[in-house]
Amino acid sequence: MAIINYANKEVQFKVVYYGPALCGKTTNLAYIHAQVNEANKGELVSLATAADRTLFFDFLPLNAVVIKGFKTKFQLYTVPGQVMYNATRQLVLRSVDGIVFVADSQWEKMEENIESFANLQENIARQGQNIDTIPYVLQYNKRDMPNPAPVHYLEFILNNRRVRVPSFAGVATSGQGVFQTLNAISRLLLQKFAWENEQAVAKHQRSGPSAFTSLSGIAAATIRR
Amino acid sequence: MHTTPIMTIHAVNQLIEALEDYLDKSEANFSMVLDRGGSILCQHGTIPKNSDPVIVAALAAGSFAATKELAHRIGENEFSALHQEGKTSQIFTCGVDDDTVLVTVFGPQTTLGLVRFYSARTVKQILEVIQESRSSDEVVPLFTQQDVNAAKAIFSR
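Bear in mind the structure is a predicted one, so any value in this text is a computation, not a measurement.

1. Some remarks on the overall build of chain A
Looking only at helices and strands, chain A features six helices and eight strands. The secondary structure elements of chain A, listed N-terminal to C-terminal, are β-β-α-β-β-β-α-β-α-β-α-β-α-α. Here the C-alpha radius of gyration of chain A, 19 Å, is about what a compact globule of 225 residues would show, namely 17 Å. Burial status across chain A gives 46% buried among its 225 residues. Taking the intrachain contacts of chain A between residues at least 6 apart in sequence as the baseline, contacts between residues at least 24 apart amount to 67%.

2. Some details on the interface of chain B and chain A
Reports of interface size often rely on the accessible area that becomes lost once the parts have come together. With 42 residues of chain B at the contact, the number on the chain A side is 52 residues. The set of elements that each furnish at least two residues to the side of chain B that touches chain A consists of helix 1 (9–26), helix 2 (53–73) and helix 4 (145–150) of chain B. Classifying every residue of the side of chain B that touches chain A by side-chain character gives 21 nonpolar, twelve polar and nine charged.

3. Describing unusual backbone geometry
Residues and elements named next belong to chain B. Despite not being glycine, Glu27 shows a phi value in the positive range, around 65°. Inspection of the secondary structure puts Glu27 in the loop between helix 1 and strand 1 (30–35). On the basis of neighbour counts, which here come to 14 C-beta atoms within 10 Å, the residue Glu27 falls in the partly exposed class.

4. Focus: the confidence of the model for chain B
Taken as a whole, chain B shows an average pLDDT of 89; of its residues, 96% reach a score of 70 or greater. For chain B, helix 4 of chain B is the element with the lowest average pLDDT, namely 89, and strand 5 (residues 100–106) of chain B is the one with the highest, namely 96.

5. Structural notes on the sheet that holds strand 1 of chain B
All names here are of chain B. Across the sheet, which stays open at both edges, the five strands sit in the order 2-1-5-4-3 with antiparallel pairing between neighbours. Among the strands making up the open sheet, the edge pair consists of strand 2 (40–45) and strand 3 (81–85). Within the sheet, the average angular offset between the axes of one strand and its neighbour, ignoring direction, is 15°. Sheet topology note: the strand 4 (residues 90–97)/strand 5 ladder contains seven bridges and is antiparallel. Bridging across to strand 5, Phe92 finds its partner in Thr104. This element, helix 1, spans strand 1 and strand 2 of the sheet and lies at about 40° to strand 2. Those strands touched by helix 3 (residues 112–134) are strand 1, strand 3, strand 4 and strand 5, and its axis lies near 35° from that of strand 4.

Scoring rules and cut-offs
Residues numbered from 1 in each chain as written. Chains lettered and ligands numbered in written order. Predicted model: local features only at pLDDT ≥ 70, side-chain atom pairs only at ≥ 80, totals over all residues. Helix = DSSP H or I, 4+ residues; strand = E, 2+ residues; numbered from the N terminus. Rg over C-alpha atoms; globule rule 2.2 N^0.38 Å. Buried ≥ 20, exposed ≤ 12 C-beta atoms within 10 Å, placed from the backbone. Contact = placed C-beta atoms within 7 Å. Nonpolar A, V, L, I, M, F, W, Y, C, P; charged D, E, K, R; others polar. pLDDT = per-residue confidence, 0-100. Pairing = 2+ DSSP bridges. Axes fitted to C-alpha atoms, helices over the stretch in contact; angles between N-to-C directions.

Printed below as a string of structure tokens:
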């Protein structure tokens with residue numbers, strides 16, 4: 001769940017990049033880190049093996065747009081894609097707000113894509129949540145490989161739930177589709193958060209003025225330093 | 001009721017007070033209260049130079065979560081605390097509740113025993129604040145969907 005800090009006027013979201021091994025999750029974060037300006041990013045931390053395979057997670061904190069005086073922040077994580085690290089993937093998914101599922105477009109990776117998505121659903125369910133209630137987007141990466149499956153086929157096998165989610169073709173090594181994907185999941189999260197806040201405010205207004213707190217009332221208290 | 005505490009100014013002030021007292025008595029350098037996902041709810045003290053508390057928080061939360069899972073795998077209910085010792089600095093991490101963690105960074109001027117002793121009381125104080133925040137029905141209008149739509153770029157490049 002998004003963290004709201006009225007004291008610092010910040011709203012923080014956690015986004016996890018998920019997908020099979022070697023699909024491009026870490027490459028996505030590396031490209032984002034290289035492109036975002038210095039003032040709006042932290043260090044990209046990678047807990048990886050000597051062979052550059054993600055062992056625990058990659059982590060990249062980003063400062064995003066300020067809306068009505070509230071700074072929005074996104075913490076991007078990746079999970080290790082190798083099958084044996086499922087316990088670790090469950091830990092990284094704790095308190096997730098949004099997911100980017102990165103699929104490998106190569107024909108020979110289809111089974112892994114499907115297994116990884118099923119694994120995501122299982123791990124989300126373990127936390128008592130449902131994939132259909134968590135904002136997520138799909139990225140069909142590695143479109144530049146010699147043998148990519150057509151996008152409509154990837155849509156057929158991965159974007160076939162009752163509600164179809166935004167999907168993007170990508171070549172993470174060159175950056176194609178990377179920011180489109182990130183912007184999409186970020187907007188989804190901000191929209192969902194704004195909608196929930198509007199609903200809560202409307203409900204409290206119906207309850208009467210005593211149940212409603214104004215921002216000025218909270219701001220009147222000063223923060224101890 | 002919110003499952004994640006909403007950090008009002010009052011809640012943050014209470015936490016800062018608790019952490020200030022804790023650092024004063026235990027002589028530790030820096031402490032922070034995190035949620036299980038690695039986000040900082042409150043921090044106080046002097047962190048080592050060139051350290052980014054956001055990254056320390058993410059790593060500490062991940063480390064503690066892995067420790068908890070490890071405990072389950074060997075038949076323990078949980079490891080309630082984790083201690084990491086370096087040449088000049090140490091980190092003590094303990095659970096406040098299932099969703100909250102207290103991380104303390106300290107140096108040679110104090111001892112693990114003193115930090116552990118005072119952390120027990122501080123954990124109770126933090127838990128009270130967190131539970132009150134979670135049970136709060138306080139709602140403040142932040143921004144609307146229209147405001148989000150009006151934002152041109154989410155990230156600056």
